[in-house]
Amino acid sequence: MFELEQALIEEKINQYLRTTNLPEMEIRWAWIPFNGQWGISTSFFQLAAKTFAGEKGNVAQRATEIAQGIASAIKIPDGFSKIEALNGYLNLFFSPSIYTQRIVDEVLEKESNFGRNERLGKRVMFEFSHPNTHKAFHVGHLRSAFLGDVLSRISDAAGYDVIRANYPGDIGMHVIKWLWNYLKFHKGERPEKDITRWMGSLYAEAVKRLDENPDLENEVKETYIKWDQKDPEVVECWKETREWSLEGFKEMYAKLDIKFDKYYFNSMFEDLGKEMVDDLIARGIAQDERAEGGAVIVKLDEKLGLKDEKYRVLVVRRSDGTALYATEDLALARQKFLDYSDLERSYYVVDVRQSLHFQQVFKTLEIAGYDWATRCQHVSYELVNLPGNVVMASREGTVVLLEDLLREATARALEVVREKNPDLSEENKIEIAEAVGIGAIKFPMLSRESGKIVTFDWESALDFNGQAAPYIQYAYVRANSILKKMNSPLPESVNPGEKLTQSEIALIDLISRMPSEIQKAAKDLKPLTICNLAYELARAFNDFYTQCPVLSAEEPIRSARLRLVAAARQAIANSLALLGITAPQAM
Ligand code: ARG
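What you see is a predicted model; the values in this text were computed from it and never measured. (Residues numbered from 1 in each chain as written. Predicted model: local features only at pLDDT ≥ 70, side-chain atom pairs only at ≥ 80, totals over all residues. Heavy atoms only, no water.)

### Quick look at the overall build of the protein
Our working rule: Only DSSP runs of H or I reaching four residues or more are called helices, and only runs of E reaching two or more are called strands; each is numbered from the N terminus. Throughout this description, buried means an accessible area under 20% of the type-specific maximum (1.4 Å probe, protein chains only), exposed means over 50%, and partly exposed covers the range between. Contact between two residues is taken to exist if any of their heavy atoms lie within 4.5 Å; hydrogens are not considered. Per-residue and other accessible areas were derived by the Shrake-Rupley procedure at a 1.4 Å probe size, with only the shown protein chains allowed to occlude residues. A residue counts as positive if it is Lys or Arg and as negative if it is Asp or Glu; His and the chain ends are not included. Each charge is placed at NZ for Lys, CZ for Arg, CG for Asp and CD for Glu.
A count of helical and extended segments in the protein gives 20 helices and 15 strands. Its C-alpha atoms give the protein principal-axis dimensions of roughly 90 × 75 × 35 Å. Here the protein holds 587 residues, and the buried ones make up 53% of them. For the protein, the share of sequence-separated contacts (at least 6 apart) that also reach a separation of at least 24 residues comes to 73%. Here the protein displays about 27,400 Å² of accessible surface, and carbon together with sulfur accounts for 47% of that area. Within the protein, the 87 negative side-chain charges are centred at a point lying 2 Å from the centre of the 73 positive side-chain charges.

### Some words on the packing of aromatic side chains
Here is the rule: Whether two aromatic rings pair depends on their centres lying within 6.5 Å, for rings of Phe, Tyr and Trp, where Trp uses its six-membered ring; planes under 30 degrees apart make the pair stacked, over 60 edge-to-face, and the rest tilted.
All chains considered together, the criterion is met by 35 aromatic pairs. Considering the side-chain rings of phenylalanine 337 and tryptophan 372, the 4.8 Å spacing of their centres and the 10° angle between planes classify their relative orientation as stacked. In this pair, phenylalanine 337 is assigned in helix α12 (residues 325-339) and tryptophan 372 in the loop between α13 (355-367) and β12 (376-381), connecting sequence segments 35 residues apart. You'll find phenylalanine 337 and tryptophan 372 in the same group, each marked buried.

### As for the pattern of salt bridges
Defined as follows: In what follows, salt bridge is the name for a side-chain nitrogen of Lys or Arg lying within 4 Å of a carboxyl oxygen of Asp or Glu.
One pass over the structure, following the stated rule, counts 43 salt bridges. Here aspartate 342 ties to arginine 123 by a salt bridge, and the two come within 3.0 Å at their closest N and O atoms. One end of the pair, aspartate 342, is in the loop between α12 and β11 (343-351); the other, arginine 123, is in strand β5 (residues 123-127), and 219 residues separate them in sequence. In this structure aspartate 342 comes out as partly exposed when scored by relative accessible area, which is 42%. On the basis of relative accessible area, arginine 123 is assigned to the partly exposed category, the value being 26%. Put simply, Asp149, Arg153, Arg164, Asp257 and Lys259 are held in one network by salt bridges that share partners.

### With respect to the side chain of arginine 317
Among the structural elements, arginine 317 can be located in strand β10 (residues 313-317). Take arginine 317: its relative accessible area is 12%, and that puts it in the buried class. With residues near it in sequence (within four places) discarded, arginine 317 still touches Lys274, Val277, Asp278, Arg290, Ala295, Val296, Thr322, Leu324 and Thr327.

### So, empty space enclosed by the protein
What counts, and what does not: Cavity means a closed set of points on a 1 Å grid over the protein atoms alone, one where a 1.4 Å probe fits but cannot get out, pocket means an open set with protein on both sides within 12 Å along at least 5 of 7 lines, and lining means a residue has an atom within 4 Å of a point. Grid points are joined across faces, edges and corners, and a volume is the space filled by probe spheres set on the points. Here the nonpolar group is Ala, Val, Leu, Ile, Met, Phe, Trp, Tyr, Cys and Pro; Asp, Glu, Lys and Arg are the charged ones; every other residue, Gly included, is treated as polar.
Tallied over the full model, the rule gives two cavities of 30 Å³ or more. Taken together, 13 residues line the largest cavity, and the ones lying closest to its centre are Thr100, Val104, Val494, Pro496 and Ala560. Of all the secondary structure elements, the ones that give two or more residues to the lining of the largest cavity are α4 (96-110), α18 (502-524) and α20 (557-578). Among the elements that make up the lining of the largest cavity, the one with the highest residue count is α4 (four residues). Looking at the lining of the largest cavity residue by residue, the class counts come to seven nonpolar, three polar and three charged. In this structure, the second largest cavity spans a volume of roughly 30 Å³. Around the second largest cavity, the lining residues are Pro496, Gly497, Lys499, Leu500, Glu504, Ile557 and Arg561. Broken down by class, the residue content of the lining of the second largest cavity amounts to three nonpolar, one polar and three charged.

Next comes the structure, spelled out in structure tokens:
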């Protein structure tokens, strides 16, 4: 943003070095930690060391002298307010008013692109959500869905080309049980509305029947054999009913504003996985103990020569030859790199209980010599508790369905909106309530370290005054309403003058940090960083709002503040967008 001025200063520094017979240097600037003033800094220790050419000498003292020499010799260009030498460092402070003007101008020019990096030409994949077909979409899958979606948004903003992949569990014993129950008791029925709920209820029914009458397991086994032998009736029924589930998921994702570029299905990888295992056996990596009634295994620790237990033993095929979860993951990992050979990283957003599983799978692939194996990474997260400590991913029947959670969120939000803003049309109120309700569910799952359990409760999720989505959305709405009251186009770029208040400076500082915070969040894979930024922005805006009159201020302060309000509104909107949360126009 100050490239021109920086280049000028660099030229002046080198001019000074030349005239004093010192070697020229390539100047690297670092930001001075913000402390009420914005500035950059560079040090002269390396240069000072050079002047001694290997001889002994006081480097620190020489660096201090050089910095002081420069500080007193150079006349600072416009745009800077102060130059100072401090312990071998040269500090340059920007003029706050010019800095402010430039930041605000940049935000208003770039709009929704503010904070986004240029394209890096690097591709990454996030696999997330992966619900099971023929089951309800319960809230247990929610944290993965939100984390994966938001990590994708953040990486995209940070400059990566992101592939968003889903891996639905469309086969396995749960599907066989469902098919058995359907063919025996519900043949010909189809879901009318609320597909996912209906699919889930049929599954729950199957489980219940089998609980009550374990003898029925034989029939399930028969269905499995039919499936395995590709019996046309079972396979057709599977194909059709699987589509129903996928249709239901699509509706759900649309509501949650989550998109996918690529679907990998569990069922695609049974045979491919088995082939890979055969190859592992042939190459002596996996051990086939089926003749002795065992399974096919990879003794990872032994292969790696580890004395302590670390990776243990991975079972890659059951004793009866069937594929396991791990068998399929071997083939899935490979498929991702066959489809996108340039993937820099292949991320798996899956809960912490599967950590060992992924370590084992990735290590096995590494031992097998797949060079991309080290580019696979498990992004783990802890579970979510509901009030009363109901683990969301519990057994069918007691799970909280996503639809129910969403419905409740919207209903609660609607109550608040009706109270706060009775004059809005009912249609408007509902629209706002949906935005607030979904935000209330998403934010708590994102605003916590992934390694910590989320305990979800309505009170803090819908808190208009705390670290919650509605608080941030409300700050956006406030900014919006000032601009609506302005009743004229936004004023042209203006220098705000030298009397910036503390609350303005704090707000501008946060806005200007957005690009680097996005980079940081992408690098650390941490949506929490963006949650914090969004919240801090909202808080700083609210401070500003209560302390600084805008519409009634004198010119040019009025114009400058209006532009600051617009920039803050944009920054809050952009941070909410990164979190997949809608910024409503009113509340
Ligand atoms: N469907 C699996 C489950 O419900 C999660 C899949 C995770 N992804 C993977 N590549 N294994 O546990």
